[in-house]
Structure formats: structure tokens, C-alpha cells
Amino acid sequence: MDRHEIEAWMDRRREPEWLRRLRLEAFEAYERTPLPALQEEEWRRTDARRIPLGRVVLNGFRDGALHEEHTSGHPAGVAAYLESGPRRTGAWMETAYSKRGLILTDMELALREHADLMRPHLEGSALSLERDKFAALHAAVWHGGWFLRVPEGERIEQPIWVRSWLPRSHRFAGPRTLIVAERRSRVIVIEERESEPGADAAFHCPGVEIVCGESAEVVVVTIDRRGDDVWDVSHERARVGASASLTWIVLHLGTLARKTFLETSLEGAGAEARMVGLSLLDGVRQSDVVSTFHHGAPRTRGDIVFGGVSRDRGRSVYRGRIVVPRHARGTDSHLTHRVLLMSPDARAESIPILEIEANDVKCKHAASQGAIDPDQLFYLMSRGLPRVEAERTLALAFVEDLIGRAPAGWVQERLRERVAERFNR
Amino acid sequence: MAMDNTFEIRDLRVSVEGKEILKGVSLTIRKGEIHALMGPNGSGKSTLSMALMGHPLYSVTNGTALYKGLDVLGLPPDERARQGLFLAFQYPQTIPGLTVSSFLRMAVSARRGLLVRANGDARPDGPRRPGQDLLPVKEFLRELKEKMAALKLDSSFMSRHLNDGFSGGEKKRVEILQMALLNPEFAILDETDSGLDIDALKVVAEGVNRLTGPNMGVLLITHYQRLLDYIKPHVVHVLMDGRIVRTGGPELARELEAQGYEGFRPSADGGEATHATPA
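J.: Sorry if this is basic, but what is going on with the pattern of salt bridges here?
T.: As a working rule, side chains carrying opposite charge can pair if their charged atoms are close by. Using the criterion set out here, one finds 71 salt bridges over all chains in the structure. A salt bridge links R193 of chain A to E191 of chain A; the nearest nitrogen and oxygen atoms lie 3.2 Å apart. Neither residue differs from the other here; R193 of chain A and E191 of chain A are each classed as buried. The shortest N-O distance in the salt bridge between E143 of chain B and R112 of chain B comes to 2.5 Å. Of this pair, E143 of chain B sits in helix α4 (residues 137-150) while R112 of chain B sits in the loop between α3 (100-111) and α4, and the two are 31 residues apart along the sequence. Since its relative accessible area comes to 15%, E143 of chain B is described here as buried. The exposure class assigned to R112 of chain B is partly exposed, which follows from its relative accessible area of 37%. Salt bridges linked by common partners bring R163, E192, E194, R225, R414, E417, R418 and E421 of chain A together as one network.

J.: When you look at the sheet that holds strand β1 (residues 6-16) of chain B in this model, what are you seeing that I'm missing?
T.: Two pairing modes exist for strands in a sheet, parallel and antiparallel, and in both the strands are linked by backbone hydrogen bonds. All names here are of chain B. The strand order across the open sheet built from four strands is β2-β1-β4-β5, with neighbouring strands paired in antiparallel fashion. Here the strands that pair on one side only, and so sit at the sheet edges, are β2 (19-30) and β5 (70-71). In this structure, strand β4 (residues 58-67) lies alongside β5, joined through two bridges in antiparallel fashion. Its bridge partner being in β5, Y67 is matched across the sheet by L70. Across the sheet, helix α1 (residues 45-53) touches β1, β2 and β4, and the angle it forms with β1 is around 110 degrees.

J.: Help me understand the sheet that holds strand β10 (residues 217-222) of chain B in this model?
T.: Residue and element names in this part refer to chain B. Spatial ordering of the open sheet is given by β6-β9-β10-β3-β11-β12, a layout of six strands whose pairing is mixed. At either margin of the open sheet sits one strand with a lone partner, and together these are β6 (85-88) and β12 (243-248). On average, each strand axis in the sheet is tilted by 20 degrees relative to the strand beside it, whichever way the strands run. The sheet contact formed by strand β9 (residues 186-190) and β10 spans five bridges and is parallel. Each bridged residue has a counterpart across the sheet, and for L189 the counterpart in β10 is L220. Along the sheet, α1 makes contact with β3 (34-38), β6, β9, β10 and β11 (235-240), crossing β6 at roughly 140 degrees.

J.: Can you walk me through α4 of chain B in this structure?
T.: Think of an α-helix as turning once every 3.6 residues; residues three or four places apart then point the same way. Residue and element names in this part refer to chain B. For α4, which comprises 14 residues, the first-to-last C-alpha distance of 20 Å matches the rise-based estimate of 20 Å (1.5 Å per residue) to within 8%. Listed in full, the buried residues belonging to α4 are F140, E143, L144 and M148. One side of α4 carries all its buried residues, which in axial view fall inside an arc of 130 degrees. Turned more than 90 degrees from where α4 packs its buried face, K138, R142, E146 and A149 sit exposed. Check the buried side of α4 and you find it contacts α3 and α5 (168-182). Note on α4: the residue one or two positions beyond its end, K152, has a positive phi of about 55 degrees.

J.: Would you mind showing me how to read the pairing of β1 of chain B here?
T.: Residue and element names in this part refer to chain B. In terms of strand pairing, β1 meets β2 through nine bridges, oriented antiparallel. Counted as the bridge partner of S15 is E20 from β2. Connecting the antiparallel pair β1 and β2 is a turn made up of two residues, with E17 showing a positive phi of about 50 degrees. Bridging between β1 and β4 involves seven bridges; their strand directions are antiparallel. If you follow S15 over to β4, its bridge partner there is S59.

J.: Mind showing me how you'd approach the side chain of T300 of chain A here?
T.: Residues and elements named next belong to chain A. Note on placement: T300 falls in the loop between β17 (286-295) and β18 (301-310). When its relative accessible area of 0% is taken as the criterion, T300 is described as buried. For T300, the side chain forms a polar contact with the side chain of H295, separated by 2.8 Å. When residues no more than four places from it in sequence are discounted, the contact partners of T300 are L266, G268, G270, A271, H295, G330, T331 and D332.

J.: Even after reading the chapter, I still don't get the side chain of H337 of chain A, so can you show me in this structure?
T.: All names here are of chain A. By the element assignment, H337 lies in strand β20 (residues 332-341). Judged by relative accessible area, which is 5%, H337 ranks as buried. Of the polar contacts made by the side chain of H337, one reaches the side chain of S350; its length is 3.0 Å. Those residues within four positions of H337 in sequence are excluded, and the remaining contacts are F306, Y318, E349, S350, A366, A367 and S368.

Criteria and thresholds
- Residues numbered from 1 in each chain as written.
- Chains lettered and ligands numbered in written order.
- Predicted model: local features only at pLDDT ≥ 70, side-chain atom pairs only at ≥ 80, totals over all residues.
- Heavy atoms only, no water.
- Salt bridge = Lys/Arg side-chain N within 4 Å of Asp/Glu carboxyl O.
- Buried < 20%, exposed > 50% of the residue type's maximum accessible area, 1.4 Å probe, protein only.
- Helix = DSSP H or I, 4+ residues; strand = E, 2+ residues; numbered from the N terminus.
- Pairing = 2+ DSSP bridges.
- Contact = heavy atoms within 4.5 Å.
- Axes fitted to C-alpha atoms, helices over the stretch in contact; angles between N-to-C directions.
- Expected span 1.5 Å × (residues − 1).
- Arc of directions from axis to C-beta.
- Polar contact = N/O pair within 3.5 Å; in protein donor to acceptor, adjacent residues only side chain to side chain.

As C-alpha cells, then:
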């Protein structure tokens, strides 16, 4: 892959000049940035040299020939639905919402029709090129993904559901997601990421940006159940404005190995963010997650609960960072990490990092990990549950404690169903 | 078969962390009988209940517990339960994240042979879909509500997490609720009266009395005579220092009440205290 190849690809995609410039700058950053070394704190547990960068190709993602199919049927109980992938796309939206300016669309289509709305967010992207080589790669070659815009003051009661799907022919993907919730808007959006496993390893390098305007109330739920052949390096970032609140729920059920950066910037006074993360690891799958809460304004509140269940030889590393600069007075931030280890070969590591420069702050962290409680196991078995069933029940109970923090109803049901599916494999 | 009607414990010896607690306990319970096992703290009452149910920390070093021609001591705890053995725990476990109703639905389904194959493995071989091996929801809920009402448990308990934030009395009532649903053939009630006020005790005792009958044998473990005012035993055993030192009728419980356990303590030579064996 070189500059000429990227230019030709951008020509085929008929991309606007401002975007071409962003991509080329990012490509230069990609070329000059070395792979992260194992000595770098955030990469100590993931050897970047093993990531199959050779898979990177500039995919045809319906270049030029765009068409939108409207699904005849759509799931019940949702305000809008989008199915997004390289071969097909389907979309449906409650008419009242589309008339009032709600946008939920495939990224390629969004670039054609809503470039004006997206441009400020893409140009001032919070996904820093300087973060690492993979962030630069994503910024250079991203394609696919989706765009959601919730207009100012629009309060959407029913959830918005997105399914992104990649076929086995796509061994590389770099989808970009942009969620913009304008001032005083309210939305619950749930994305399920899926991929069809192929014969050899795939490499995904997605990027997510969530923008919560002043006083917006936003819930973002990501259910990642991509194939067990995927190497994933993802950069996901949320910006939360004054008095806005974000609940960000991340359920990791798939991928072979992941390096995930989840950054939340509390940018306006009184902003609030809650994050609930859960990863289920089995086989030889591994997960390395870095979450950062950056308290960038006075009186912001943060609460993170990250949990994991590891079976077989599943391995997880969780690094939770809380940053409170001098001016962020009145910060209140909590970080909890809990892991259930279901086999003697499973491993988990928890690294809390608190960087606090302000006075008058409340900051707490707690971490725990352990095996299944033998007395609880005996109790369930004494009621007739076979050991395997009793262990599964206790693991699901552990998980339920996290799921119970998600919005009740449709979202919780979906999370439960997906967790149970993975457990029952 | 005649043997199906008895639960026969023979010369049971049990150690915990290398220390022998039960030193040869023999006891036969027939269906339809209620046996009370009384004894002071540390005599081995709870050890007996845990060993009979199969807690892995309690090692059986000698003896058998025969039921339906099987020595249940050789079975894993879940198999014992499915065969019809039940233990109402002195200290029931708290499991946040597991609702009372989903737990009970699994337990009832296991007891009725839906969740488990004949060889004891969880069914089926391949991936299972949630709920596919369970008692149908409607049928289960009808039964559950009926049994909860009988134990004066509010139906809101169904969606609460198991014993999470329950009072002592609520925990014990939920134990009896499980007994009612699982319909055991032999039930061990381990200090079901402890920590209960008198009203809760009456509710629990009524529940037990309703469940017992010609098809169930009961071993009622208690420290105090109080429970026996509400549940009438046919036979009373006194356990001291890992051995049964006296067996008698209900009058034995009153004798204990009057003179305490001290008079029943075996003498140093291993024989029984003189007045413990009536002429």
C-alpha cells in the first residue's frame, strides 16, 4: 500500500478534497510512526508485531455505486434500524423522526449526503493520529461504518439498533462510527458488530466517536460478537459536554485478540459518564483494554465498572486510567474491575492508574478477581444442578450484576440473550 | 422395594481438615418418620448434614448411607438431590445476580429429570438454547406462586436475587419453599429454627408439617427443644462429640430441656453416662 494506491482509491470513492487531505496526512503519520514497542506502558501485554498488518488492503466498499435498500421488515420496538456491511445495507426509520432531522445511515452514503454535518467532527477528530500507528492507519484508510445524528432537543424513547456485518471475504476492515447527539437530545443506540469467520486471521482497525452535546442524555451499547479469527485494534472515544450524561456499555464476546482504547473526555462542567464493560474470554482468546476517563472540567462525575469472565486459557488485561487535571475541581470518579476466573489456566490483570492534580476530588478504585465460590457451587449442586450447569449459572449471575446496570427492558434482554449464547457454546 | 422406604446411615465417620468430627454414626429413617437430632454446639450435627449432602470439604472416612439400594456417599451432590435427598441449610448462600425464580426453575427441572441425562451429564450434547430443558414457564410459575402463598412469601421475591438482602426468616422460608418444590423423599433440616422469631418459626413449622407425610422421611437437626413444640418428632437422637449417645421417643427432648446436655456426655472410658441408659 502506498500513497498512489490511496489516491486512486479515493478517486474511485469520489471523496471530497477536505477528506482526501485528512487521509493523506494520516497516511504520512502512519508511515513515520513505528510499531508500538513492548516497553511502552500501554503495549506491555500485547505484542504489536503479531498483529497481521499484512492484511491491510483498500477494500471496495460499494465504491461509487451506492444504493440503499429499504428492508421491508424491521425489528419491533425500535425507533430506527440500520444494517450495514460491504455487500448490502438496509435501513428503516420511524417517519416522524426522519422528518425532524434524525439521521442514521451507512458511512459511505453519509459522506455524500451529510458531509457538511460530519466535516467539523471528522476534521477536529478526537481520534488522535499521534496516539499510535494503528490510530493513524485507521484515519488514513477507514471505510464503512455508520453515522447517527440526533437533532437538538430530539428525545427518542425507543432504542436505535445497528447491525454491522462483515463477510468472510473481508480480511481487513476499518469502519468508522460517528454518533452526534446534539444539545438536549436523548437517545439509546445499540450496535452489534459481527463478522463471518474465514480460513485465516482477519485484522480490524475500527474507530468510534461519540459526541454528546450540552445536556444530552446518551446511551451507547456495543455488543461485539465478531468472529474468533479477528485481531482487533480499536480506538473509541466519547466527548461529553456540559451537564450531558453518557452511559457507555461495552460487551466483548468475540475476536481472537483485542487491543481496545476507550476514552471518555468529560469536557463541560457537570458532565457525567458511566461505563460498564464486560468481556467473556474462552479458548485462547485474549483481551487488552485501556479505558481512560479524562475529567476536563469542574464538577464532572465518572463511574466505570469493568468485568470479565475467563474460561479455558482466556487472558485479560484491563488498564483503567482516571485523569484529573488541576482545574477539574469537584471531580467524583470511581473505577471498579472484577474478574471471575473459571479455570486454573485463565489469567487476568488489573492496572488502575490515577493521575490526580486537583484538590477537592473524590476518586476511588477497587479490583477483585477469583474463582467460583465453592460454597455457592455446592449450594446449587445440592439442588440438583450438575456441576457444569451450576458453574454456568454462577458465571451468569456474576455477569447479571453488570447487565443490571444497563437500561432496563429491550437493551438488558438483548445483552442477556447474547451472553447466554456465548456461554452455551 | 422395601429398601426404597428407608434411609440407612451405618457407622459414618467424617473428618474435616484432618480432624475426625463424626466418630461412627448409625441411624435409620423410614418414610413417614420425623427424627430429631439434638446436640450441643460442636457435637457434629452440621457435619452430618453437610456430609450426607456431599460437601467436598467433609471427607467420609468410613461408613455408608444406603437409599434405594445405593450408597449415596459415592454420588456427587447434584445426583443425591435428583435422587430425592434434600438439605435445608443452616446458612443458605447468597447469590447476587441470580433471581429466585430462575434458580428454582432450574432446580425443579433438574429434580424432574428435564435438565439432566440419565448418566448425570447436563443435557444435551450440543449447544443448548436458554430454557429448552426447563419446565415450561407457565406451569412453573403457577406452582411457584401457589407454594409461595402457602409460606406467606410475597410474589415480589420471585424476581429478587437469591437471599440477597433477605432477613433470616425470609432465607429459611425460601429453604422450605425449595423443599416444597423439589418434593424430596428424605429431607434434612439443619437448624431451620435458628435465628427465627416466634412468628417466623410458626410459618416455617407449618410449612414443614404440610410437606411431611407418608412419602417423606425427615431428619430435623436442632439445638433447642423449641422447634419440637411445633413439629412433633417420632424419634429423638442425642448427638454428643460425634456419636449418638441416646435414642428415644419425644419424651427425650423434654428430658434434655429439663437437665441440659451435660448429663448425656459419655464418660472418659467411652461408655455412656450412668443415667443415660435406663434400666
